[in-house]
Amino acid sequence: MDKLKIRGGHRLNGTIDVAGAKNAALPELCAALLSAEPVTLANVPRLQDVATMLKLIRNMGVVCEHHDDGRVTLDAGGLNNPEAPYELVKTMRASVLALGPLLARFGHAKVSLPGGCAIGSRPVDQHIKGLQAMGAEITVEHGYMLASLPAGRTRLKGARITTDMVTVTGTENFMMAAALAEGETVLENAAQEPEITDLAEMLIKMGAKIEGHGTSKIRIQGVDRLQGCVHQVVADRIEAGTFLCAVAATGGDVVLRHGRGDHLDAVIDKLRDAGATIESGEGFIRVKSEGRLKAQSFRTTEYPGFPTDMQAQFMALNCIAKGASKVTETIFENRFMHVNELVRLGAHIQIDGKVSVIEGVDKLSGATVMATDLRASASLVIAGLVAEGETIVDRIYHLDRGYDRMEAKLRAVGADIERVKA
Ligand SMILES: CC(=O)N[C@H]1[C@@H](OP(=O)(O)OP(=O)(O)OC[C@H]2O[C@@H](n3ccc(=O)[nH]c3=O)[C@H](O)[C@@H]2O)O[C@H](CO)[C@@H](O)[C@@H]1O
Ligand SMILES: C=C(OP(=O)(O)O)C(=O)O
């Protein structure tokens, strides 16, 4: 198992290129299943999750290739096996995104229930309920969702779907399924994340009729076929936000090329309140930071609120900031796994249910810590960059799920960080 070895205490200066968003690329790879014509996605990040998704859809009979320039070309014309087996699904929850497209195009699908996940139980009941409202018959047997259309029907039918909570991949599954359904689908309580908007824009290029994406009410008029398209994956706001927190913590001056400041308002506001200087414009975000910042309290909520996917990284910053802060996690019931590891580095944190109370300390000291999930890993890297001495972050396969060569990008701006191969 690879590890990261970090010697803390270096300021970061220079330019980092922000990659395409994992959470847009994954649904967009699944959207290619909706058409028999070729699809090209540009700016697809080189991540373990993308490799897993490509393996999953190749196994269905899709011809696809990830090129050196970041393009993925896909041809789902010969798709003949609308199945997502457990072996390929267990490491990546996003594989549930195959369900909507497969059902819409073929009228049947067999998708494994995703495995448990460190950050919470993450059920898929809302996905099932929504697709049932569109006429699908879904049973769960032997760990698989078996989905089909009733005898005599060849297409899903439009429906009004109101989910019990805002769900990002749920909204994406419904939008993709509804694109090929008969009649109108209205999604109430829809997620508004930029990745939803990016997926909607791709589907519209494929011929889908969608309105209201980016708001809580999305209307989709089904069409009977979708064509191929070329689409560029939006920049990863969580990768960008992670680097913003890293520079805010270490001090320095870094330009994040391709970064979308307009997708990170809640995080940028908190960083400014903490004392960092942030400028953003067309295709860049620049962060400058000097001295110790002021700790900031926040609670995670759906977009446009503070993202749960940035909670751990901002907490690392709070650990070495001046003053006390309260971090409330409202989306996932078990997303404080990084806390014990940060404490091993010298942080002062107490957890009370959904709330972590952090007392900022002057310094952290390097130690061996263990990554427990994707963003927890990123928070340990940030802590390692400021800790005195050497920090080893173990189990970074979690990090590789969602960051494209993070250590190389950090090293290029002055961090002392290296990957130690197992
Ligand atoms: C691939 C992808 O885009 N992943 C993101 C997506 O995950 P994901 O789409 O899985 O997260 P959801 O928005 O669905 O989850 C929100 C909440 O709803 C609950 N829920 C969801 C669906 C369901 O059927 N039943 C149910 O109870 C979840 O357990 C969670 O408590 O949004 C999360 C919230 O912004 C992010 O942290 C993930 O990075
Ligand atoms: C939780 C995350 O991803 P996933 O939904 O793919 O597990 C994340 O990106 O932080």
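A brief structural summary. All values reported here derive from a predicted model rather than from experimental measurement. (Residues numbered from 1 in each chain as written. Chains lettered and ligands numbered in written order. Predicted model: local features only at pLDDT ≥ 70, side-chain atom pairs only at ≥ 80, totals over all residues.)

**A few points about the packing of helix 8 (residues 237-250) against helix 12 (residues 374-386)**
Between helix 8 and helix 12, whose axes approach to 9 Å, the crossing angle comes to 20 degrees. By the angle class used here, helix 8 and helix 12 are roughly parallel. In this structure, the crossing between helix 8 and helix 12 has a hand that is right-handed. Counting all contacts with helix 8, which are made through Thr242, Cys245, Ala246, Ala249 and Thr250, the residues of helix 12 involved are Ala378, Ile382, Leu385 and Val386. (Axes fitted to C-alpha atoms, helices over the stretch in contact; angles between N-to-C directions. Helix = DSSP H or I, 4+ residues; strand = E, 2+ residues; numbered from the N terminus. Parallel < 35°, antiparallel > 145°, perpendicular 65-115°, else oblique. Left-handed = near helix turned anticlockwise from the far one by under 90°. Contact = placed C-beta atoms within 7 Å.)

**Focus on the packing of helix 6 (residues 168-179) against helix 7 (residues 194-205)**
Running from amino to carboxyl end, helix 6 crosses helix 7 at an angle of 10 degrees, the nearest separation of the two axes being 10 Å. It follows that helix 6 is roughly parallel to helix 7 by the angle criterion. For the pair helix 6 and helix 7, the contacting residues are Val168, Thr171, Glu172, Met175, Met176 and Ala179 in the first and Ile196, Leu199, Ala200 and Leu203 in the second.

**Describing the site of ligand 2**
In the vicinity of ligand 2, the contacting residues are Asn23, Arg93, Ala94, Ile119, Asp309, Leu374, Arg375 and Gly402. Grouping the amino acids of the shell around ligand 2 by side-chain chemistry returns 3 nonpolar, 2 polar and 3 charged. Residues lining the shell around ligand 2 come from more than one domain, with at least three contributed by each of domain 1 (3-19 + 235-420) and domain 2 (22-232). (Near = placed C-beta within 6 Å. Nonpolar A, V, L, I, M, F, W, Y, C, P; charged D, E, K, R; others polar. Domains from an automatic or database assignment.)

**Let's talk about the site of ligand 1**
In the vicinity of ligand 1, 20 residues are found, and the nearest of them are Asn23, Gln126, Thr167, Val168 and Thr169. Residue assignment for the shell around ligand 1 shows that the elements contributing at least two residues are helix 1 (22-31), helix 5 (125-133) and helix 6. For the shell around ligand 1, the residue count by class is 8 nonpolar, 8 polar and 4 charged. Each of domain 1 (3-19 + 235-420) and domain 2 (22-232) accounts for three or more of the residues forming the shell around ligand 1.

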